[in-house]
Amino acid sequence: MHQPLVVHHPLALLAPRAAPALATTAVLVLGRIWNAHGAEHSTGDAALMALLATGAAAAGACASLGRAGDGVLAGTAFAVAGGLALAGVAGYADGIWLPLLLWALATAVAYALAARHWRTARHERLAHERRLTERREEHGHVERVEALRAHTAVEVARESAAYATALAEALTTRATLPGYDPLPLTRAGLPPLPGVRDLPPGDGGGGR
């Protein structure tokens, strides 16, 4: 039982690791573009972003504390809240240092949350691979046992056929000798030999 070998492209392996940094960087760049297009010192825009970030954070808190306790929904809501907050600061602030500080903080938090998810996914993948390995070993053991059993059955049948042939040849040869008596062989359960006429004891093809 062979498992197909899958080779992943290096970019496919690197993309999930770079996704948090790319997301926070995209938010920072868009916020600075927004700043260059009139969001700087705009109280209305800042209030709107603060309101949206607060609403997203409240939604995440409700999702995490609710009856279902959906961690994915809560994480998504908190990520949206952090992104909105970063975009608001990047768009409203004068300089670049405060947005960069928040970008570094948001990236660190994103990687901390992603590392937990990656660790869980790795454990699940290892457990799945271990179950597959155990199943392959079990199937291989069953196949080996069945192969040995079939080989033994073939050998027994071959030896039985050879013994039956040798016995038939011996009985046929014995039937041609003087004094052959088939009655004890018949009583022992052996079938009568074809073409051999049942003769009285002592008459097996001639007298002594």
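Residues numbered from 1 in each chain as written. Predicted model: local features only at pLDDT ≥ 70, side-chain atom pairs only at ≥ 80, totals over all residues. Heavy atoms only, no water.

Peer 1: Explain a nonpolar patch on the surface to me, using residue names and the numbers behind them.
Peer 2: Together, Val 29, Leu 30 and Ile 33 make up an exposed nonpolar region whose accessible area comes to about 280 Å². Residue placement: Ile 33 occurs in helix 1 (residues 10–39). On the basis of relative accessible area, Ile 33 is assigned to the partly exposed category, the value being 43%. (Patch = residues over 30% accessible without salt bridge, like charges linked within 9 Å, V, L, I, M, F, W, Y side chains within 5 Å. Areas by Shrake-Rupley, 256 points an atom, 1.4 Å probe, with all protein chains shown as cover. Salt bridge = Lys/Arg side-chain N within 4 Å of Asp/Glu carboxyl O. Helix = DSSP H or I, 4+ residues; strand = E, 2+ residues; numbered from the N terminus. Buried < 20%, exposed > 50% of the residue type's maximum accessible area, 1.4 Å probe, protein only.)

Peer 1: Account for the side chain of Thr 107, naming residues and giving values.
Peer 2: Note on placement: Thr 107 falls in helix 4 (residues 97–175). The residues contacting Thr 107, other than those within four sequence positions of it, are Ala 21 and Thr 24. (Contact = heavy atoms within 4.5 Å.)

Peer 1: If you had to explain the confidence of the model for the protein chain to someone new, which residues and values would you point to?
Peer 2: Of all residues in the protein chain, 72% have pLDDT values of 70 or greater, and the mean over the chain is 75. Looking over the protein chain, one finds the lowest element-wise mean pLDDT in helix 5 (residues 183–187), namely 67, and the highest in helix 4, namely 84. A low-confidence stretch, residues 197–208 stays under pLDDT 50, and its non-local contacts, those more than four residues away or across chains, total 17 contacts. (pLDDT = per-residue confidence, 0-100.)

Peer 1: Please set out the pattern of salt bridges residue by residue, giving values where relevant.
Peer 2: With the rule as written, the count across this model stands at two salt bridges. A salt bridge links Glu 146 to Arg 149; the nearest nitrogen and oxygen atoms lie 3.5 Å apart. Of this pair, Glu 146 and Arg 149 both sit in helix 4, three residues apart, which is roughly one turn of the helix. Residue class for Glu 146 comes out partly exposed when judged on its relative accessible area of 40%. For Arg 158, the salt bridge goes to Glu 155, with nearest N and O atoms at 3.4 Å. Remark: Glu 155 and Arg 158 occur in helix 4; sequence separation between them is three residues, near one turn of the helix.

Peer 1: Quick one: what's the story with the packing of aromatic side chains, residue by residue and with numbers?
Peer 2: All chains considered together, the criterion is met by one aromatic pair. Ring geometry for Tyr 111 and Trp 118: centres 6.3 Å apart, planes at 65°, overall edge-to-face. Tyr 111 gets classed as partly exposed once you look at its relative accessible area, which sits at 28%. The class for Trp 118 is buried, based on a relative accessible area of 19%. (Phe/Tyr/Trp six-rings, centres within 6.5 Å; stacked < 30°, edge-to-face > 60°.)

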